Amino acid sequence: MVTQRTTAKFVSHSVTSGSFKERYTMNKLLVIIFFLWGGLAHAGHAVIANNGISASSISKTDLKNVFNGDIQSFSGANVVLAVLDSGPDSEAFFDQVLGTKLQVFERAWLEKALTGKGTAPKKKSSSAEVINFVSSTPGAIGFISDSDTGAASGKVKILTVN
C-alpha cells in the first residue's frame with residue numbers, strides 16, 4: 001500500500017507541476033506583454049530645432065539624412081546634432097523614427113569623425129540637456145521624449161515630421 005500512496009502522490013505532484021508550468025509560462029507572457037506595452041506607450045519622440053531654423057517641419061527622408069550626416073545644412077543653417085546618450089529613449093528613436101539601430105548610427109559617426117568627414121553629434125544625458133543645447137546653439141537639431149515637449153515650449157522649435 002505504501003508504494004501505491006507514493007505513486008499516487010507522485011502522479012498528483014506531476015499534475016500540479018504541469019499546472020505550475022502553465023501558470024509560470026502565462027506569467028512570463030504577461031510580464032513580456034506588460035514591458036512591451038509600457039515601452040510602446042513611452043516611445044514617442046519630438047524632433048526639436050533651434051529657433052533660428054526657419055522651417056517648421058521636416059520630411060522623414062530629410063530627417064534621416066540629417067542624422068546620418070548626409071545633409072549638413074537645413075533651412076539655411078549648418079546643422080549641429082544633439083542626441084540623447086545611449087538608453088531606451090535613444091534606441092527607440094533610432095529604431096522607430098529613423099529605422100536604424102543606435103549602434104549603426106554611432107559606428108557611422110565614429111567613422112566620419114575619424115576620417116574628417118563630419119563632427120560627431122553632441123551626446124546629452126537628458127532631454128533637458130538636449131533642450132538647453134539646441135536652444136543655445138544656432139543650427140542645432142535634436143530629439144527629446146514626447147513627455148518633455150512642455151519643457152521645450154518657447155525655448156526651441158518643435159518640428160513636425162512628415
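Residues numbered from 1 in each chain as written. Predicted model: local features only at pLDDT ≥ 70, side-chain atom pairs only at ≥ 80, totals over all residues. Heavy atoms only, no water.

1. Thoughts on the layout of surface pockets
Convention followed: A cavity here means a set of points on a 1 Å grid, drawn over the protein atoms and nothing else, where a 1.4 Å probe fits but cannot get out; a pocket is an open set with protein on both sides within 12 Å along at least five of seven lines, and a residue lines either one if it has an atom within 4 Å of a point. Grid points are joined across faces, edges and corners, and a volume is the space filled by probe spheres set on the points.
In this structure, the largest pocket encloses a volume near 210 Å³. Val79, Val80, Leu81, Trp109 and Thr119 are, among the 14 residues lining the largest pocket, the residues nearest its centre.

2. Things to note about the packing of helix 2 (residues 60-68) against helix 3 (residues 88-98)
The condition that has to hold: Interaxial angle, 0 to 180 degrees, is taken between N-to-C directions of lines fitted to C-alpha atoms, where a helix line uses only the stretch in contact. A run of DSSP states H or I qualifies as a helix once it reaches four residues; a run of E qualifies as a strand once it reaches two. Both are numbered from the N-terminal end. Put simply, angles under 35 degrees are roughly parallel, angles over 145 are roughly antiparallel, angles from 65 to 115 are roughly perpendicular, and the rest are oblique. By definition in these notes, contact holds between two residues if any of their heavy atoms fall within 4.5 Å. Asp, Glu, Lys and Arg are counted as charged, while Ala, Val, Leu, Ile, Met, Phe, Trp, Tyr, Cys and Pro are counted as nonpolar; the rest, among them Gly, fall into the polar class.
Following both chains from N to C, one finds helix 2 and helix 3 inclined at 135 degrees, their axes separated by 11 Å at the closest point. Here helix 2 lies oblique to helix 3, going by the angle between them. Seen from helix 2, the contacting residues are Lys60, Leu63, Lys64 and Phe67; seen from helix 3, they are Phe93, Phe94, Gln96, Val97 and Leu98. Split by residue class, the contact of helix 2 with helix 3 holds six nonpolar, one polar and two charged.

3. A closer look at helix 5 (residues 127-136)
Filter applied, for reference: Partly exposed residues are those whose accessible area sits between 20% and 50% of the maximum for their type, while under 20% is buried and over 50% is exposed, using a 1.4 Å probe and protein chains only.
Looking only at helix 5, the buried set comprises Ser127, Val130, Ile131, Phe133 and Val134. Residues of helix 5 that are buried make contact with strand 1 (45-49), strand 5 (80-84), strand 6 (122-124), strand 7 (140-145) and helix 6 (149-152).

4. Section: the environment of Val156
By secondary structure assignment, the location of Val156 is in the loop between helix 6 and strand 8 (157-161). Once residues within four sequence positions are removed from consideration, Val156 is found in contact with Ile48, Ala49, Asn51, Ile131, Val134 and Ser135.

5. Describing the confidence of the model for the protein
To keep things clear, this is the line we draw: Each residue gets a pLDDT score, which is the predictor's confidence in that residue and runs from 0 to 100.
For the protein, the average pLDDT comes to 80, and 73% of its residues sit at 70 or higher. For the protein, per-element mean pLDDT is lowest for helix 1 (residues 2-41), which scores 46, and highest for helix 5, which scores 96. Under a pLDDT of 50 for its full length, residues 5-16 has, in the predicted model, zero contacts with residues more than four places off or in other chains. Residue range residues 29-42 is modelled with pLDDT below 50. Its contacts to residues more than four positions away, or to other chains, number two contacts.

6. A short note on the environment of Leu81
Among the structural elements, Leu81 can be located in strand 5. Accessibility expressed as a relative area gives 7% for Leu81, which makes it buried. Leu81 sits 61 residues away from Gly142 along the chain, and the two C-alpha atoms are 5.7 Å apart. Residue contacts for Leu81: discarding those within four places in its chain leaves Val66, Phe67, Trp109, Pro121, Lys122, Phe133 and Ile141.

7. A few points about the pairing of strand 8
Rules: Paired strands, as defined in this entry, are two strands with at least two bridges between them according to DSSP.
In this structure, strand 1 lies alongside strand 8, joined through three bridges in antiparallel fashion. What sits directly across from Val47, in strand 8, is Leu159. Where strand 2 (residues 57-58) lies against strand 8, two bridges are found, and the strand directions are parallel. The partner of Ser57 across the bridge, within strand 8, is Thr160.

8. Here we look at the nonpolar core
Operational definition: In these notes, a set of buried Ala, Val, Leu, Ile, Met, Phe, Trp, Tyr and Cys residues joined through side-chain atoms within 4.5 Å is what counts as a nonpolar core.
Core analysis: the biggest nonpolar cluster contains 35 residues, and Phe67, Phe74, Phe93, Phe94, Val134 and Ile141 have the highest contact counts within it. Mapped by element, the contributors of at least two residues to this core are strand 1, helix 2, strand 5, helix 3, helix 4 (102-114), helix 5 and strand 7. Setting aside chain neighbours within four positions, we find Phe74 in contact with Ile53, Ala55, Ser57, Ile58, Val79, Ile141 and Leu159.

9. Notes on helix 4
Since one α-helical turn is 3.6 residues long, residues separated by three or four positions face the same way. This is how it is decided: A helix is expected to reach a length of 1.5 Å times the quantity of its residues less one. As used here, the arc is the angular range of directions from the helix axis to the C-beta atoms.
Along its 13 residues, helix 4 runs 18 Å from first to last C-alpha, staying within 8% of the 18 Å computed at 1.5 Å per residue. Among all positions of helix 4, only Leu102, Phe105, Trp109 and Lys112 are buried. Seen end-on, helix 4 carries its buried residues on one side only, within an arc spanning 90 degrees. Opposite the buried face of helix 4, at more than 90 degrees from it, the exposed residues are Arg107, Glu111 and Leu114. Structurally, helix 4 contributes buried residues whose contacts are with helix 2, strand 5 and helix 3. Looking at the residues trailing helix 4, positive phi occurs at Gly116, about 75 degrees.

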